[in-house]
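Below, each chain spelled out in residue letters.
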Amino acid sequence: MNVKRFQVKPGSTVHLEAFDPDATPGFKDKQDAADDLAGNLAKLAALQEKLYAQGTQALLVVLQGMDTSGKDGAIEHVMGAFNPQGVQITAFKVPTSEELAHDYLWRIHKAAPPRGMVGIFNRSHYEDVLVVRVAKLAPKKVWSKRFEHINEFEKMLSDSGVRIVKLFLHISAEEQARRLTERRETPEKQWKFNPGDLKARAQWSLYQRAYEDALGRCATPWAPWFVVPSNRKWYRNMVVSQVLVDALEGMDLEFPPAVENISTFEIPPAG
Ligand code: ADP
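Residues numbered from 1 in each chain as written. Predicted model: local features only at pLDDT ≥ 70, side-chain atom pairs only at ≥ 80, totals over all residues. Heavy atoms only, no water.

K.L.:
Any chance you could explain the overall build of the protein here in plain terms?
P.N.:
Helices and strands together make up the secondary structure of the protein, namely eleven helices and five strands. Here the protein has a C-alpha radius of gyration of 20 Å; the compact-globule value for 271 residues is 18 Å, and the two agree. On the principal axes, the C-alpha backbone points of the protein span a range of 70 × 45 × 40 Å. Residue burial in the protein is summarised as follows: out of 271 residues, 47% are buried. At a minimum sequence separation of 6, the contacts of the protein that also span at least 24 residues come to 82%. Each charge class in the protein was averaged separately, 35 positive and 34 negative side chains, and the resulting centres sit 7 Å apart. (Helix = DSSP H or I, 4+ residues; strand = E, 2+ residues; numbered from the N terminus. Rg over C-alpha atoms; globule rule 2.2 N^0.38 Å. Buried < 20%, exposed > 50% of the residue type's maximum accessible area, 1.4 Å probe, protein only. Contact = heavy atoms within 4.5 Å. Lys, Arg positive; Asp, Glu negative; His and termini not counted. Charge placed at Lys NZ, Arg CZ, Asp CG, Glu CD.)

In structure tokens form, the structure reads like this:
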């Protein structure tokens, strides 16, 4: 599938209303996408093995989205294809007092994936221009400078061999209501129900505007943003898997050369 249509053009103004969270272009239903998804998951496993073996580059996947948009689900169903040994997942929560005593990128940089690894950010430095802006945790003169910092920071990572892809899991307010209701009603899901999430929901439009600025101002050639239609979980998984396959396939991954004269080594009897 071609995911170019979901990529935000660098320098563009984003209108989220123009992206349909229900859209499933290319596939009729979950069944129709099943083989392609399975194929992508197999590719991800093979590509990651090369990334790990090569050990010279890293992949960073940034996941953002409103509550219930499926960040955890994408990690489980797509990143689950990777060998856990080569993956480093970091969930960014409300900053601790130690984190708050530093600049906002301090905790982010520490979590950047080392060479050979896939790093997954469940939330990220983008919270510092999203919740910080909407909940007024810092004044505009502070957060408005951050788009530029972020672009420069991501450029530095990219120049250091870290391939970056950023995924905004786009759901509708109606779909969030359905998912929150399901959480409230289903005993196995109730642990995820957080009354604090209702506050962010009440500020839905403010968050959408903040996302539009973050996506538009930080969509760069070295760290592209994708708007992933996420009302259908199977389609979200399909798009996320394709973005990751494309990113890894674009990295010239090769196994390192074997030791010289490998075939001449006799395997000795165990001592
Ligand atoms: P989940 O990601 O599953 O919703 P939590 O319920 O623990 O996990 O939510 C994490 C919370 O931390 C979110 O409300 C998010 O907005 C908040 N958060 C993350 N980064 C920051 C930040 N830099 N400043 C303030 N709040 C943040």
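Don't stop here, the text continues.
K.L.:
Teacher, can you tell me more about the site of the ligand here?
P.N.:
Taken together, 13 residues lie around the ligand, and Lys93, Arg107, Arg123, Glu127 and Asp128 are the ones closest in. Taking Arg107, its side chain carries an N or O atom lying 3.1 Å from a nitrogen atom of the ligand. Note that an oxygen atom of the ligand is positioned 2.6 Å from one of the side-chain N or O atoms of Arg123. When the ligand is considered free in solution it has 570 Å² of accessible area, and contact with the protein chains removes 75% of it. Of the residues in the shell around the ligand, the class split is six nonpolar, one polar and six charged. (Near = heavy atom within 4 Å. Polar contact = N/O pair within 3.5 Å; in protein donor to acceptor, adjacent residues only side chain to side chain. Areas by Shrake-Rupley, 256 points an atom, 1.4 Å probe, with all protein chains shown as cover. Nonpolar A, V, L, I, M, F, W, Y, C, P; charged D, E, K, R; others polar.)

K.L.:
I'm lost on unusual backbone geometry in this one. Help?
P.N.:
Of note in this structure, Thr68 is not a glycine but carries a positive phi near 70 degrees. A relative accessible area of 10% means that Thr68 is categorised as buried.

K.L.:
Sorry if this is basic, but what is going on with the sheet that holds strand E3 (residues 118-122) here?
P.N.:
Paired through their backbone hydrogen bonds, the strands of a sheet run either parallel or antiparallel. Pairing is parallel across the open sheet formed by five strands, whose spatial order is E2-E3-E1-E4-E5. Both edges of this open sheet fall to strand E2 (87-91) and strand E5 (225-229), since each of them pairs with a single strand only. For this sheet, the mean inter-axis angle between neighbouring strands, taken without regard to orientation, is 20 degrees. Here strand E1 (residues 58-65) pairs with E3 via five bridges, running parallel. Directly across from Leu59, in E3, lies its bridge partner Val118. In the packing of helix H11 (residues 233-249) onto the sheet, contacts are made with E1, strand E4 (162-170) and E5, and the angle to E4 comes to roughly 165 degrees. (Pairing = 2+ DSSP bridges. Axes fitted to C-alpha atoms, helices over the stretch in contact; angles between N-to-C directions.)

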